[in-house]
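Given next are the chains, with one letter for each unit.
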Amino acid sequence: METDCSALRVNSARLRADFDALAEIGATVGGGVSRLALSNEDLEARSWFADRIEEAGLQVKDDEVGNLSGLLPAEDAQAKTLMIGSHLDTVPNGGRYDGAIGVLAALECLRRIKEAGLKPRYHLEAINFTDEEGTWKSLFGSNAIIGKISANDISDSLHDNMAFRAALYRAGIMLPELGNARRKAETVLGFLELHIEQGKTLHDRQCDIGIVDRIVGRTTYNVAFYGEAAHAGTTTAEERHDALQGAAAFIIGAHKRVSEEFSEGVVNCGYVSVTPDSFNVVPAEASLRVEFRHPDTATLDDMEARLIALAEDCARAYRLEVAMERVMHRAAERMSGYLVRQIESACRAEGVRCMSIASYSGHNAQIMNQMVPAGMIFLPSVDGISHNPREFTEWRHIEMGANVLLRTIMQLAV
Ligand SMILES: [Zn+2]
């Protein structure tokens, strides 16, 4: 039995072997991975993960929404649980690191603590959350844990719900039982997630570890400009009610306004459709989907008001009508200050270079933070590439991050 807890380190070779084996499940040409939530590949990854949990002598826990965990129980059955994890699902042809690193590192930390013969003061749980990426419903598993998913929620106009229900059923997830995945806040000590940054900040600053202090809020809109179809040749410029001109002015204006007035904000328009969609007809209708993000909820709301005003200005300027429909709004999250300090002290003890960082992507930690204190550790993504087969994080950073995670768990729970 090892007695010097501060010397406890992850088994890097074993973690790497797990990483390589998992990357084979759903592997695509070019080094990517397709493990869409509830697909054959995702189910195979789950059963592979369950095997690793059993092999390590940990308890397998599979909840009503398909979240899959390895448990290292505390002696006191009434103790709270420290949850640690991320997700094994990916986007289509995504990278090998996104999500996977967080689940595998959590498992490795529990294995090390168990094989060192240490008795945790709190139950430790390494968890893989169902459908983080939103193949069916974004952040599905973590939202179920905080009680925000019920059978009635399996309705989303963007997707074929019959197929979603069938996929859930095939994975052994029963709609009437979804609500039972909810955990009581008083039974959970907190949540930790190790994840790649998926941006360039750490890479550019040559920093080893990012300690997430805020996760961006995000609002999405459907915006439709309405004009009038007309002959492309015979209609004078003054007579046109060109919906696409208004939409184009809005897109350019939105980027300009956000960069000038909201230095920490970002806006994106990645979908445009035009009716009647004919090169020789003045567009009668232009529909956009717009999303914008900011790490502060009040400022996100200011951005929203400014973008609505901009759309109205653009409609007026081009003699159009505009309709705006708010589709989604997720508030920004400020991560637990206590956990930020715990991770900082773990970084100091490990001698790694760290910095505070805001996350511009959504994560399970953002959902868990709504119920219990959550902390997040970011690893550098080379060139910031993610959701892409070329996603890459240097192994030394993964090892550092896993050791910071292990030390944080030791400080909190062992
Ligand atoms: Zn992820």
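Residues numbered from 1 in each chain as written. Predicted model: local features only at pLDDT ≥ 70, side-chain atom pairs only at ≥ 80, totals over all residues. Heavy atoms only, no water.

## Examining the pattern of salt bridges
Basically, it comes down to this: For this analysis, a salt bridge means a side-chain nitrogen from Lys or Arg found within 4 Å of a carboxyl oxygen belonging to Asp or Glu. Only DSSP runs of H or I reaching four residues or more are called helices, and only runs of E reaching two or more are called strands; each is numbered from the N terminus. Relative accessibility decides the category of a residue: with a 1.4 Å probe and only protein chains considered, values under 20% of the type maximum give buried, values over 50% give exposed, and everything between is partly exposed.
Scanning all chains against the criterion turns up 21 salt bridges. Between Glu350 and Arg9 there is a salt bridge, with the nearest N and O atoms lying 3.6 Å from each other. Taken together, the positions of Glu350 in helix α9 (residues 337-350) and Arg9 in the segment before α1 (12-23) put the pair 341 residues apart, joining distant regions of the chain. We classify Arg9 as partly exposed; its relative accessible area is 31%. Note that Arg46 and Asp42 form a salt bridge whose closest N and O atoms lie 3.3 Å from each other. Within this pair, Arg46 and its partner Asp42 are both found in helix α2 (residues 40-55), separated by 4 residues, close to a single helical turn. Owing to a relative accessible area of 9%, Arg46 belongs among the buried residues under this scheme. In the salt-bridge network here, residues are joined through shared partners; they are Arg14, Asp18, Glu108, Arg111, Arg112 and Glu115.

## A short note on the domain arrangement of the protein
Formally: Delimitation of the domains relies on an automatic or database domain assignment. Only heavy atoms enter the contact rule, under which two residues are in contact if any of them lie within 4.5 Å. The term buried area denotes the loss of accessible surface (1.4 Å probe radius) that occurs when two parts are joined, taken as the sum for both partners. Residues were grouped as follows: Ala, Val, Leu, Ile, Met, Phe, Trp, Tyr, Cys and Pro as nonpolar; Asp, Glu, Lys and Arg as charged; and all remaining residues, including Gly, as polar.
The domains assigned to the protein are domain 1 (5-215 + 332-413) and domain 2 (218-330). Taking only C-alpha atoms into account, the centre of domain 1 sits 37 Å from that of domain 2. Each side of the interface is counted separately: domain 1 has 11 residues, and domain 2 has 9 residues. For the pair domain 1 and domain 2, the summed buried area comes to about 870 Å², and 44% of that belongs to carbon and sulfur atoms. Here domain 1 and domain 2 share 1 salt bridge between them. Measuring nitrogen to oxygen at the nearest pair gives 2.9 Å for the salt bridge that ties Arg214 to Glu264. Among the residues forming the side of domain 1 that touches domain 2, the class breakdown is 6 nonpolar, 4 polar and 1 charged.

## Things to note about the sheet that holds strand β12 (residues 321-330)
We count it as follows: At least two bridges found by DSSP between two strands is the condition for calling them paired. Axis angles are defined between N-to-C directions and span 0 to 180 degrees, where every axis is a line fitted to C-alpha atoms and, for a helix, only to the segment in contact.
If you trace the 4 strands from one edge of the open sheet to the other, you get β9-β11-β7-β12, paired in antiparallel fashion. Looking at which strands have only one partner, the edges of the open sheet turn out to be β9 (266-275) and β12. This sheet shows a mean twist of 15 degrees between the axes of neighbouring strands, independent of strand direction. Sheet topology places strand β7 (residues 217-226) next to strand β11 (residues 285-294); 10 bridges connect them, and they run antiparallel. The residue bridging Tyr226 from the neighbouring strand is Glu285, located in β11.

## A few points about the environment of Thr201
Tracing the chain through its elements places Thr201 in helix α6 (residues 201-204). Ignoring any residue separated from it by four or fewer positions in sequence, one finds Thr201 in contact with Met355 and Ile357.

## A few points about the pairing of strand β2 (residues 68-72)
For β2, the buried fraction is high: 5 of the 5 residues fall into the buried class. Taking every second residue as pointing to the same face, both faces of β2 are buried, with Leu68, Gly70 and Leu72 on one and Ser69 and Leu71 on the other. Sheet topology note: the strand β1 (residues 59-62)/β2 ladder contains 4 bridges and is antiparallel. In the strand pairing of β2, Val60 is matched with Gly70. Connecting β1 to the next strand, β2, in antiparallel fashion are 5 residues, including Gly66 with a positive phi near 90 degrees.

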